[in-house]
Amino acid sequence: MKALIAGGAGFLGSFLAESLLNKGWEIYILDNLSSGLLENLEPIKENIQFIKGDVITYSTREKFDYVINFASNASRAEWEKYPVEVALSNSVGSKNLIEIALNSDATYIYASSSEVYGTATQIPTTEDYLGSVSTTGTRSPYDEGKRFGDAITKAYEREYGLKNIIIRFFNTYGPRMRGGDFYGRVIDRFVRQAQNNEPLTIYGDGSQTRSFTYVSDAVVAILMLIEKGKLGEIYNVGSDNEIEILKLADIVKEVLNSSSEIKFLPLPEHDPKRRAADITKIKKLGYKPKVSLQDGIKFMANSINRGKVK
Ligand SMILES: NC(=O)c1ccc[n+]([C@@H]2O[C@H](COP(=O)([O-])OP(=O)(O)OC[C@H]3O[C@@H](n4cnc5c(N)ncnc54)[C@H](O)[C@@H]3O)[C@@H](O)[C@H]2O)c1
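Residues numbered from 1 in each chain as written. Predicted model: local features only at pLDDT ≥ 70, side-chain atom pairs only at ≥ 80, totals over all residues. Heavy atoms only, no water.

A look at the packing of aromatic side chains
Each aromatic ring pair is characterised by the separation of its centres together with the angle its planes make.
Phase 1: Under the criterion given, the structure shown has 12 aromatic pairs.
Phase 2: Between W25 and Y66, the aromatic rings sit 5.1 Å apart at their centres with planes inclined by 35 degrees, giving tilted as the arrangement. Taken together, the positions of W25 in the loop between α1 (11-22) and β2 (26-31) and Y66 in strand β4 (residues 66-69) put the pair 41 residues apart, joining distant regions of the chain. By the burial criterion, W25 is buried, and Y66 matches it.
Phase 3: Arranged with centres 6.0 Å apart and planes meeting at 40 degrees, the rings of Y117 and F170 form a pair that is tilted. Pair noted here: Y117 is in the loop between β5 (107-113) and α5 (140-160) and F170 is in the loop between β6 (163-169) and β7 (172-173), with a separation of 53 residues, a long-range link.
Phase 4: Taken together through their ring pairs, the aromatic side chains of Y173, F212, Y214 and F299 make up a single cluster.
Phase 5: Across from the ring centre of F64, 5.4 Å away, lies the NZ or CZ of K2, which sits over that ring. (Phe/Tyr/Trp six-rings, centres within 6.5 Å; stacked < 30°, edge-to-face > 60°. Helix = DSSP H or I, 4+ residues; strand = E, 2+ residues; numbered from the N terminus. Buried < 20%, exposed > 50% of the residue type's maximum accessible area, 1.4 Å probe, protein only. Lys NZ or Arg CZ within 6 Å of the ring centre and 35° of its normal.)

Below, the structure written as structure tokens:
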């Protein structure tokens, strides 16, 4: 099989590329390196075609069996700093990649997000939940970008027969994710802060919930969807283990034997109060997450800055 992975130099895309290469696939990676890193591709750089380019402007006559669209900055700090690029990557970029997929008669896989559900009132959230999202708030370039990405995928399916699967990722963590000291990507931030004996920064009072999936489980889920996901369907990939951020901080401190204090910072606007995935649909394909939160935190602490996934 031959695949174009847009955003393949990023966290999820680079691990997916490795797994597909191991299966004997031919891999082309298109990435503008806005949040991805060439060092993420170091282990596979001899075996892939890397194209430095932007999904907003990219065109090619190359044919593929799969076009996998992971190209979007994915953290709050990035989408607040580059709102136009984020909105266009998921809208114009999606349209470009869909056209490339159609020209090849390829299957198009789109990395959507739990953000399309916004401030969900149904927890855990199923794929048919319609969402409650601000069209103009500071999250909207990403949230609405992903909603448009979903919509244009289905529009091309209806009008042009696009073969597609939409994957809605919930919070995924692991080595290679770029956390930094800002809101979002919380496990990476907590692990780094705990390792440096710095205060763990919590935005708001920490009562907000999230559910976390270790990257190896997410990659298994993607491979399973490529292999046996039903075309035209939407699948949540995440965890139904809902946890308060304050409790997560305690677990990170306990697992890493850290005495870091907790520092509370103001909560950004439109922060979803609760988030957890209903994964009944992908479980029916045989999916079962394997890595516990405690183990995932340990793997991350041991491999941080080393770019290796356990
Ligand atoms: N990691 C998560 O928890 C999570 C959750 C929900 C959805 N997602 C989605 O999954 C995908 C991958 O996320 P990630 O966590 O690996 O993020 P990431 O930032 O590590 O990877 C995104 C990659 O896309 C590239 N990129 C961004 N805009 C581009 C453009 N216009 N043209 C070409 N390349 C571009 C970046 O350089 C980067 O390599 C994203 O679409 C993200 O929105 C991730």
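Structure's up, so let's keep going.
Looking at the site of the ligand
Phase 1: Not every one of the 30 residues close to the ligand is listed here, only the nearest: L12, D31, S35, Y142 and R185.
Phase 2: One of the side-chain N or O atoms of D54 is found 2.8 Å from a nitrogen atom in the ligand.
Phase 3: In the complex, 96% of the free accessible area of the ligand, which totals 820 Å², lies under the protein chains.
Phase 4: When contributions to the shell around the ligand are tallied by element, the ones reaching two or more residues are α1, β5 and α5.
Phase 5: Here the shell around the ligand takes 3 residues from β5, the largest share from any one element. (Near = heavy atom within 4 Å. Polar contact = N/O pair within 3.5 Å; in protein donor to acceptor, adjacent residues only side chain to side chain. Areas by Shrake-Rupley, 256 points an atom, 1.4 Å probe, with all protein chains shown as cover.)

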